[in-house]
Amino acid sequence: QVQLVESGGGLVQAGGSLRLSCAASGRTFSNYAMDLGWFRQAPGKEREFVAAITWRPERTYYADSVKGRFTISRDDAKNTMYLQMNSLKPEDTAIYYCAARGATTRSFTMRNEYSSEGPGTQVTISS
């Protein structure tokens, strides 16, 4: 199983940007052909899908709420995934989690379809 650790969270003003990173160890993204995803959980709300990037062919998917503002990417050589977040809004405030699984055609928006998840990083957007 792959171990994941997120970083890059913090406090920024609305309209600002953050770049989250997700570093993997134990297994490499490329050797194990892994799909990757980001989820988030705001206080008092359920964890929700944010974005996903598939193995090969590489495709990206986004929740409607972040489409056009967030960009997911991966660097398999560095065993790291990224989430570039621009035009941040107060409603983006949440703990952000990265997730990984072996490549599959199953749903990429469901948290329980992923086999590994990181401990999360806090993102807070002030108005």
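To be clear, the structure that these remarks concern was listed above.
Sequence order sets the numbering: in each chain, residues are counted from 1 along the sequence as written. Where totals are concerned, whole chains, interfaces and linings use all residues; where local detail is concerned, this predicted model gives features only for residues with pLDDT of at least 70, and gives and counts side-chain atom pairs only at 80 or more. The side-chain quantities take in all heavy atoms of the structure and omit both hydrogens and water.

### Digging into the pattern of salt bridges
Put simply, the rule reads: What counts as a salt bridge is simple: a side-chain nitrogen of Lys or Arg found within 4 Å of a carboxyl oxygen of Asp or Glu. The way it works is that DSSP assigns letters per residue, a run of H or I at least four long becomes a helix, a run of E at least two long becomes a strand, and they are numbered from the N terminus. Throughout, exposure labels follow a simple rule: accessible area from a 1.4 Å probe, protein chains only, divided by the maximum for the residue type, with under 20% read as buried, over 50% as exposed, and the rest as partly exposed.
Per the counting criterion, the structure on display carries 11 salt bridges. Of the charged contacts in the structure, one is a salt bridge between Glu 117 and Arg 47, with a shortest N-O distance of 2.6 Å. Separated by 70 residues along the polypeptide, Glu 117 in strand S10 (residues 116-117) and Arg 47 in the loop between strand S4 (34-41) and strand S5 (48-53) bring together distant segments of the chain. Note on Arg 47: relative accessible area 21%, which makes it partly exposed.

### Focus on the pairing of strand S8 (residues 80-85)
Just so we agree on the cut-off: The pairing criterion is simple: DSSP has to find at least two bridges between the two strands.
Counting buried positions along S8 gives 5 out of 6 residues, so the element sits mostly inside the fold. Alignment of strand S3 (residues 18-25) against S8, held across 6 bridges, turns out to be antiparallel. Bridging across to S8, Arg 19 finds its partner in Gln 84. Pairing between strand S7 (residues 70-75) and S8: 6 bridges, direction antiparallel. Within S8, the residue paired with Phe 70 across the bridge is Met 85.

### Here's the deal with the side chain of Thr 80
Cut-off, in case you're wondering: Contacts are assigned to residue pairs with any non-hydrogen atoms lying within 4.5 Å of each other.
Mapping Thr 80 onto the fold places it in strand S8. In this structure Thr 80 comes out as buried when scored by relative accessible area, which is 11%. Thr 80 has contacts with Ser 21, Cys 22, Ala 23, Phe 29, Arg 74 and Asp 75, leaving out every residue within four places of it along the chain.

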